[in-house]
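Residues per chain are reported as follows:
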Amino acid sequence: MLLPVHHLTDALIHVNGQHLDIPENETMAYRLKTNLWDQPQAVVCGKLEPKDSYTCQPNRISIDGIHWCPNAVAGRINAGMACNLNCFFHDKNVGEMLNVKWLEQCSQECNEQYFSLKPVTFGTHGRSAL
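Everything quoted here is computed from the prediction, not taken from an experiment.

(A) Examining the packing of aromatic side chains more closely. Across all of its chains, the model carries one aromatic pair by this definition. A ring pair is formed by Phe88 and Phe89, whose centres lie 5.1 Å apart and whose planes are at 90°; its orientation type is edge-to-face.

(B) Here's a closer look at the state of the cysteines. In the structure shown here, the tally under the stated rule is three disulfides. Numbered by order of appearance in the sequence, the disulfide-linked cysteines of the chain pair as 1-2, 3-6, 4-5.

(C) Quick look at the nonpolar core. Ile13, Leu20, Ile22, Tyr30, Leu32, Ala42, Val43, Val44, Cys45 and Cys56 together form the largest nonpolar core, which totals 10 residues. The dominant element in this core, judged by the number of residues it contributes, is helix 2 (residues 41-44), at three residues. Those residues in contact with Cys56 that sit more than four places away from it in its chain are Leu32, Val44, Cys45, Lys47 and Glu49.

About the criteria used
Residues numbered from 1 in each chain as written. Predicted model: local features only at pLDDT ≥ 70, side-chain atom pairs only at ≥ 80, totals over all residues. Heavy atoms only, no water. Phe/Tyr/Trp six-rings, centres within 6.5 Å; stacked < 30°, edge-to-face > 60°. Disulfide = S-S within 2.5 Å. Core = buried A, V, L, I, M, F, W, Y, C linked by side-chain atoms within 4.5 Å. Buried < 20%, exposed > 50% of the residue type's maximum accessible area, 1.4 Å probe, protein only. Helix = DSSP H or I, 4+ residues; strand = E, 2+ residues; numbered from the N terminus. Contact = heavy atoms within 4.5 Å.

Have a look at this one:
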């Protein structure tokens, strides 16, 4: 059972780079200069600054380029983890043998749903939330 947070990370950086009008092939080229490390603007900025700027208006994804803002991603990560655990502890896996093929398929469906930017639908009313 894997939690592919890197898929969610890539999607968030890509979408924020588009929002900032950074050309797709230069997403990581627009960086902030800091004392410790250069941060990609697509990760930490809510407004595009000239290349090699020192500060920017922060976004809601990450304030420092390393830690995620919980309000932005914790729901998806928690839902993905719960979904994967449900696969593992599902009735189909009870007994002498672990149903590996079913577990892999179930886990893949969870990861495709929650570790991406697909809308998450819940309940029978078809309401969706990020």
